[in-house]
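Single-letter residue listing:
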Amino acid sequence: MSQQESLELFESKRVRTVWDNEKEKWYFSIIDVVAVLTDSVNPTDYLKKLRKRDKELGGYIGTNCPQVLMTTKSGRRKTLAADIEQLFRIIQSIPSSKAEPFKIWMSQVASVRLEQLQDPEKSIDQAVVDYKRLGYSDKWINQRIRSIEARKELTDEWQRGGVRSGQVYAMLTDLMLETWSGLTTRQYKDYKGLRKENLRDNMTNIEIALNTLAEVSATELSKQKNPKRLSQHRNIARRGGEIANTARKELEKDLGKSVISPAKASDYLLPQNDMQESTKQD
């Protein structure tokens, strides 16, 4: 299945979606939808109990809803998903005051994203709007957008070199991150006090810049060396991390402090009033 993944926001809560080019449909993560509608601390457990309680719904999901590759906190994994028609059926079985607003939002998302597929610049514009809604500063957003573009170029290069597995993506990413920062992804998230949150969305400007440097370096080295084996991809990922690590040490030497920060997004988001003003300007 040829896919394009996107992250959507409903009332500041994240819902993963994937566009299937072959079927020409948007698929939404069912777990994310359950989390939005129920505010459950364990949406996976909620869905399991719902399927047991409602046998008809359980059978419907098992028969009709596919497992789709989506990004998780540990990499890209198959996630239970549903298209819009299937989600309407599922939502009927979930008592929630958010059901009707969510249906409207879901239809709007599908329509807007179809337009963006035909004009890639609109996808970037949408990401900017989404981050502004969450309260990020313009400076941070610009840095984050550049990092997204760099990441996409790197994953395209990995695919060209024969890397297909989400687990390998996660392994190479973790290797690169640990090489330049000295921390694994899990250790980095623990240092910032994160659980399921996206690490990159909680990096400071300097951290994003160093991580982007590692990925851009790995991309260019891969284009030049044309790796075919996993060991070669590992060596290039490590080298990309080393280049960023050198830059990090030079900067820390001049600053006299570490640039690896325990700060997370909630520590530096715009104040609520500023966020509202930024949103009004859009």
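Residues numbered from 1 in each chain as written. Predicted model: local features only at pLDDT ≥ 70, side-chain atom pairs only at ≥ 80, totals over all residues. Heavy atoms only, no water.

**Q** I tried to follow the overall build of the protein on my own but got confused; where do I start?
**A** If you tally the helices and strands in the protein, you get 13 helices and five strands. Taking all 282 residues of the protein together, 44% fall into the buried category. Surface accessibility of the protein: about 15200 Å² in total, with carbon and sulfur atoms responsible for 50%. (Helix = DSSP H or I, 4+ residues; strand = E, 2+ residues; numbered from the N terminus. Buried < 20%, exposed > 50% of the residue type's maximum accessible area, 1.4 Å probe, protein only. Areas by Shrake-Rupley, 256 points an atom, 1.4 Å probe, with all protein chains shown as cover.)

**Q** I keep staring at the nonpolar core and nothing clicks. Help me out?
**A** Generally speaking, nonpolar side chains in soluble globular proteins are found buried as a group. Counting residues in hydrophobic clusters, the biggest one holds 33 residues, and the most contacted among them are Tyr 136, Trp 158, Met 176, Trp 180, Tyr 188 and Met 203. Top contributing element to this core by residue count: helix H8 (residues 166-181), with seven residues. Sequence-distant contacts of Trp 180, that is, excluding residues within four places in its chain, are made with Tyr 188, Met 203, Glu 207, Leu 210, Asn 211, Ala 214, Gly 241, Ala 244, Asn 245, Arg 248 and Ile 260. In terms of nonpolar packing, the next biggest core, distinct from the first, is built from 27 residues, Leu 57, Ile 61, Cys 65 and Ile 94 among them. (Core = buried A, V, L, I, M, F, W, Y, C linked by side-chain atoms within 4.5 Å. Contact = heavy atoms within 4.5 Å.)

**Q** What's the story with the packing of H8 against helix H10 (residues 205-225) in this structure? I'm lost.
**A** Describing two packed helices takes the angle between their axes plus the distance from one axis to the other. At a minimum axis separation of 10 Å, H8 and H10 run at an interaxial angle of 125 degrees. In terms of orientation, H8 and H10 fall into the oblique class. Note that H8 runs across H10; the crossing there is right-handed. On H10, the residues touching Met 176, Leu 177 and Trp 180 of H8 are Glu 207, Leu 210, Asn 211, Ala 214, Glu 215 and Ala 218. Looking at side-chain class alone, the contact of H8 with H10 contains six nonpolar, one polar and two charged residues. (Axes fitted to C-alpha atoms, helices over the stretch in contact; angles between N-to-C directions. Parallel < 35°, antiparallel > 145°, perpendicular 65-115°, else oblique. Left-handed = near helix turned anticlockwise from the far one by under 90°. Nonpolar A, V, L, I, M, F, W, Y, C, P; charged D, E, K, R; others polar.)

**Q** Explanation requested: the environment of Trp 140 in the structure shown.
**A** Residue placement: Trp 140 occurs in helix H7 (residues 138-160). Overall, the relative accessible area of 2% leaves Trp 140 in the buried class. Considered as a pair, Trp 140 and Thr 204 are 64 residues apart in the sequence and their alpha carbons are 7.7 Å apart.

**Q** How do you make sense of unusual backbone geometry when you look at a structure like this?
**A** Most peptide bonds take the trans form, and the phi angle of most residues other than glycine is negative. A positive phi angle is found at Asp 39, which is not glycine, with a value near 55 degrees. By the secondary structure assignment, Asp 39 is in the loop between helix H1 (30-38) and helix H2 (43-53). The phi dihedral of Asn 226 falls on the positive side, at around 50 degrees, and the residue is not glycine. By the secondary structure assignment, Asn 226 is in the loop between H10 and helix H11 (230-255).

**Q** Would you mind showing me how to read a nonpolar patch on the surface here?
**A** Among the surface-exposed residues, Ile 206, Leu 251 and Leu 255 lie close enough to one another that they form a single nonpolar patch of about 220 Å² accessible area. Assignment of secondary structure puts Ile 206 in helix H10. (Patch = residues over 30% accessible without salt bridge, like charges linked within 9 Å, V, L, I, M, F, W, Y side chains within 5 Å. Salt bridge = Lys/Arg side-chain N within 4 Å of Asp/Glu carboxyl O.)

**Q** So what exactly am I meant to see when it comes to the pattern of salt bridges here?
**A** A side chain of one charge can pair with a side chain of the opposite charge if their charged atoms are brought near each other. Evaluated as defined, the whole model comprises 19 salt bridges. With a closest N to O distance of 3.3 Å, Asp 45 and Lys 49 form a salt bridge. Pair noted here: Asp 45 and Lys 49 are both in helix H2, with a separation of four residues, about one helical turn. Its relative accessible area of 31% is what places Asp 45 among the partly exposed residues.

On their own, these measurements won't tell you what the molecule is for.
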